[in-house]
Amino acid sequence: DVFVPIVLFFCILKSRASRRLFRNVRPQREKAAEDDYRWWQRCCQTCCECSSLMTCYMFGGQRITAARYVDVAIALTAFFEDRGALDIVPSDVAAALVCLMTIQRQKQIDCRNELLKEGGGIYAKDKKFFGKLWSTMKVSKVNSRRQQQKLLSMDIESGISKQNDEPKVSGSKQQHFEEAVDKQSLSDCEQRDEVESNDLLQTHTSSSNNLTDEELADVLAMLNSSDNEILSNIRFNEERQDGEMTFRPTVRRKLDAENSFDRQVLSEGARYCRVALAAYSWMMYLWTSRCIGCCELSAITLCELCMCRPRYCRSRDHIKGDNLCAWKQTSVLKTLGIEERDFLFANFRNAVNVCPYIVLVDRRCRNILIVIRGTLSFEDMISDVTINPDPLDEVGEEFGFDGIGEFCHRGMLEAAKYVHDDMEARKVLHNAFEDHPEFNLRIMGHSLGAGVAAVLGLMMRKEYPQLRCLCFSPPGCVFTERTAKESKEYIWAYVLHNDIIPRLSYQSLANLRNDVIEMIARIKVPKHKVFAKNMRFRSESNIQDPSKILHERESIPQSAFYSQFSDYMERQKGREKHEVLQVRMICPGKICQLYRTSEKLNNVPCSPIIMCLKCIPATLGLARTQKYTVLWTEAEDLSEICISSSMMSDHFPYNVARALQVAAEAVGVFDIKTTEINSNEDMQEGEKKRS
């Protein structure tokens, strides 16, 4: 009884002494890196614990163990490693971001003005760019001619109907006609994957053709005309040339109101973004219900108690992780306006690399919906920061896709495996498709949920070939390039204006870090002057000249910080072989981006404080931007972070849903009645089939 504890005690002392001895004989660089790593781990753990305690664990954090901070600490150590060389305070970073935003806007304006010069400026020799612009211009002319013919035919039909004065259709015939229309729309809903416009094909096939002198003259005349609608198809995206930030015009196709495929993309986006919004359960319901949501949910709970039928007393095997008052399920039912029988399954449990998800039935479009919640808790934040790439070789062998040499975001991959295994263990989809064998599968989510939905769709596509993933504001580091391009066949991604999350990757963050440090070295005026001239609404006419507040990049004066900056940049060049930097991951799917159109740049003020005040009435539905230009975008257009006062609010799920609704209404494919997941007519039809 005494000998064994003594032996164990000496073994522990020996192991600790050996570790201490090994630490002392290691190089100083390794010891410094370990000290930084442990410091970041303690900081992250302390920050999460204090924040959880201050919020009464409303956003989780109570179940996070110290081991969960390992990947986060490693990533932060590698990203912010400066060995104490940089003397920077938070106000320096804020001033640098303001200067960087000014430079980005000024370079965008200069790029556009250069393009609008007579003769095309420096871009006149870019035949590929003008070839795409010419093909886009031809498609727009064909579409406008079709719209005119359609309006003319509608006027003729309306005139004939007025002259004939035909008798009204009886109630039974009218009902039969409406059922036929519903069946036709239902067939369109089932065949939407096979619909592709010939205009889109022409745009891509003719983009590489060389232009004649006459065609080039027509394009330049269109650009220089006062009615330059063709400019709405041109985006000015940031590029990197020898580490320097530049902008270049690119041509992107606008979503066409006459194109059935484009209309379907907008229609499904506006319809199902509300479903992805509902996955945030009672917190988002309280935010969007204009201060009465708490009263509504409390009233429902009290009514069930008075009727002696509280939800926690019922058999709820299909609901996991809900609270005692069942507010999570109730808020989803209230947001979507569905009955409890259409709520097939929900697992609201949340942990690191474990995302809550819901399984619903959409009878109108005959779909089974898997809805994955986005970032809402501290556990989700740790899953976001677990950015190290994981290989897809073994996952591809298991689920039947080619994953050799491909990588994926580690946190999203682990969360997708959890959702898949949990549904398989409970046979959720098996039971759902037994009851609805003719239905299709739709997987959707917002933010982190969008990335998990994309990975889950890749894993389940062999078993369900007709599935479709709808990713709202997905992260910009989900798949490597080949897998991301292949995912265009089954993933539709929706991005709102300057949203920062679809632009986030390790490479873009590293570029932003280097740009911010460079801006700090280039600032030549006091910081209060930098902030004073940017605390107002910004338009192209009163944008501040960057040369008045910044030194030129080649003529930074010598100073103590400049020496620190030079040493730091030299050290960063030696870290380009880092494992994370070698693997470039991008945004998945076919990307549909919504741009706000306004005379003011970005249609928002520059000050983040004023932006927050402006966002409150917009979120409550008291004000909204009514015009959006919707373009098909490539992942390369989202490779760099665009600094804007709206880059955070554009990621808010309510703003994304509202923007999609406005864009769909402008095209004429959005109807508030059709956004109900299951209307009363669908429920009655289902009852008839079951009887």
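Located above this text is the structure these notes cover.
This write-up is about the structure you can find in this document. All of these numbers come straight from a predicted model, not from anything done at the bench.

Here we look at helix 24 (residues 653-667)
The end-to-end C-alpha distance of helix 24 is 21 Å, a good match for the 21 Å that 15 residues give at a rise of 1.5 Å each. Across the 15 residues of helix 24, eleven count as buried, placing the element largely inside the fold. Turning to helix 24, its buried residues are P653, Y654, N655, V656, A657, R658, A659, L660, V662, A663 and A664.

So, the side chain of K320
With respect to the element layout, K320 can be found in strand 3 (residues 319-320). Apart from the residues within four sequence positions on either side, K320 is in contact with F345, A346, N347, F348, R349 and R426.

So, the packing of aromatic side chains
Within the structure shown, the criterion is met by nine aromatic pairs. A connected cluster of aromatic rings, assembled from ring pairs, spans F261, W492 and W632. A cation over an aromatic ring shows up here: R235 above the ring of Y595, its NZ or CZ 4.0 Å from the ring centre. One Lys or Arg, K590, reaches over the ring of W632 and ends 5.6 Å from the middle of that ring.

Here we look at the nonpolar core
Grouped together as the largest cluster of nonpolar side chains are 52 residues, with contacts concentrated most on M423 and L441. Top contributing element to this core by residue count: helix 17 (residues 448-460), with ten residues. Residues in contact with M423, not counting those within four places in the same chain, are Y357, V359, I370, V428, L429, L456 and M460. In this structure, V332, W492, L594 and A657 belong to the second largest nonpolar core, which totals 43 residues.

Side note on the environment of S281
For S281, the location among the structural elements is in helix 10 (residues 281-288). The class for S281 is buried, based on a relative accessible area of 8%. Separated by 46 residues in the primary sequence, S281 and W327 place their C-alpha atoms 7.6 Å from one another.

Digging into the pairing of strand 15 (residues 628-633)
By the criterion of burial, strand 15 is predominantly enclosed, with six of the six residues buried. With burial as the criterion, each face of strand 15 is covered, one bearing Y628, V630 and W632 and the other bearing T629, L631 and T633. Pairing of strand 14 (residues 590-596) with strand 15, which is carried by six bridges, proceeds in the antiparallel orientation. Among the inter-strand pairings, R596 is bridged to a residue of strand 15, identified as Y628.

Considering the pairing of strand 2 (residues 244-251)
Counted residue by residue, strand 2 has six buried out of eight residues, so it is predominantly covered. Here strand 1 (residues 234-241) runs beside strand 2; their pairing, made up of eight bridges, is antiparallel. Residue pairing across strands places R240 opposite M245, the latter belonging to strand 2. Taking the residues that link successive antiparallel strands as the turn, the strand 1-strand 2 hairpin has two residues, and the phi of D242 there is positive, at about 55 degrees.

A few points about the environment of N259
On the secondary structure map, N259 appears in the loop between strand 2 and helix 9 (260-278). Here the side chain of N259 touches F261 through a polar contact of 2.9 Å, landing on its backbone nitrogen.

Description of a negative patch on the surface
On the surface, a cluster of negative charge is made up of D242, E244, E552 and E554. Within the secondary structure layout, E244 lies in strand 2.

Details of unusual backbone geometry
Phi is positive for Y57, which is not a glycine, with a value near 60 degrees. Within the secondary structure layout, Y57 lies in the loop between helix 2 (28-54) and helix 3 (70-80). Phi at S447 is positive, roughly 60 degrees, even though this residue is not glycine. If you trace the backbone, S447 turns up in the loop between strand 9 (440-446) and helix 17.

Observations regarding the packing of helix 4 (residues 90-115) against helix 19 (residues 506-522)
Viewed as axis vectors pointing N to C, helix 4 and helix 19 meet at an angle of 100 degrees, and their least axial separation amounts to 8 Å. In terms of axis orientation, helix 4 runs roughly perpendicular to helix 19. Residue-level contacts link D92, V93, A96, L97, C99, L100 and I103 of helix 4 to L512, D515, V516, M519, I520 and R522 of helix 19. Its residues assigned to classes, the contact of helix 4 with helix 19 shows ten nonpolar, no polar and three charged.

What about the pattern of salt bridges?
Within this structure, the stated rule accounts for 25 salt bridges. We note a salt bridge from D92 to K527, for which the minimum N-O separation is 2.8 Å. Of the two residues, D92 sits in helix 4 while K527 sits in helix 20 (residues 527-532), which places them 435 residues apart along the sequence. For E636, the salt bridge goes to R252, with nearest N and O atoms at 3.2 Å. Residue E636 is located in the loop between strand 15 and helix 24, and its partner R252 is located in the loop between strand 2 and helix 9; the two are separated by 384 residues in the primary sequence. Here the salt bridges share partners, and the residues they tie into one network are E238, R240, D515 and E640.

Considerations on the sheet that holds strand 12 (residues 491-496)
Strand order in this open sheet of nine strands is 3-4-5-6-9-10-12-14-15, and the pairing throughout is mixed. Here the strands that pair on one side only, and so sit at the sheet edges, are strand 3 and strand 15. Lying on the sheet, helix 15 (residues 410-426) is in contact with strand 3, strand 4 (343-347), strand 5 (357-362) and strand 6 (367-372); it crosses strand 4 at an angle near 130 degrees. Helix 24 contacts strand 9, strand 10 (468-472), strand 12, strand 14 and strand 15 of the sheet and is inclined by roughly 100 degrees relative to strand 15.

Conventions adopted
Here the residue index of a chain counts from 1 through its sequence in written order. Under the rules for a predicted model, residues below a pLDDT of 70 receive no local features and side-chain atom pairs below 80 are neither given nor counted, while totals for whole chains, interfaces and linings still include all residues. To obtain the side-chain values, all non-hydrogen atoms of the structure were used and water was disregarded. Secondary structure elements follow DSSP: runs of H or I no shorter than four residues count as helices, runs of E no shorter than two count as strands, and numbering proceeds from the N terminus. Given the number of residues in a helix, its expected span is that number minus one, multiplied by 1.5 Å. Here's how the labels work: a residue is buried when its accessible area is under 20% of the maximum for its type, exposed when over 50%, partly exposed in between, all with a 1.4 Å probe on protein chains only. For this analysis, residues touch if any pair of their heavy atoms sits within 4.5 Å. Each aromatic pair joins two rings of Phe, Tyr and Trp (for Trp, the six-membered one) with centres within 6.5 Å, and gets the label stacked for planes under 30 degrees apart, edge-to-face for over 60, and tilted for any other angle. The criterion is that NZ of a Lys, or CZ of an Arg, lies within 6 Å of the ring centre and within 35 degrees of the ring normal, and then a charge sits over that ring. By convention a nonpolar core is built from buried Ala, Val, Leu, Ile, Met, Phe, Trp, Tyr and Cys residues, the set being connected through side-chain atoms within 4.5 Å. A pair of strands is labelled paired if DSSP reports no fewer than 2 bridges between them. Side-chain atoms alone can form a polar contact between residues adjacent in sequence; in general such a contact is a pair of N or O atoms within 3.5 Å, and within protein one must be able to donate a hydrogen while the other accepts it. Each patch is built from residues lacking any salt bridge and having more than 30% relative accessible area; the joining distance is 9 Å for like charges and 5 Å for nonpolar side chains (Val, Leu, Ile, Met, Phe, Trp, Tyr). Only the protein chains shown count as cover for residues, and all accessible areas are computed by the Shrake-Rupley method using a 1.4 Å probe. Throughout this description, the term salt bridge denotes a Lys or Arg side-chain nitrogen within 4 Å of a carboxyl oxygen of Asp or Glu. Under the convention used here, Asp and Glu are negative, Lys and Arg are positive, and both His and the chain ends fall outside the count. Note that the charge is assigned to NZ on lysines, CZ on arginines, CG on aspartates and CD on glutamates. Axis definition: a line fit to C-alpha positions, over the contact stretch in the case of helices; interaxial angles, taken between N-to-C directions, run 0 to 180 degrees. In what follows, roughly perpendicular refers to angles from 65 to 115 degrees, roughly parallel to angles under 35, roughly antiparallel to angles over 145, and oblique to any angle outside these ranges. Ten residues, namely Ala, Val, Leu, Ile, Met, Phe, Trp, Tyr, Cys and Pro, are considered nonpolar, four, namely Asp, Glu, Lys and Arg, are considered charged, and the remaining ones, Gly among them, are considered polar.

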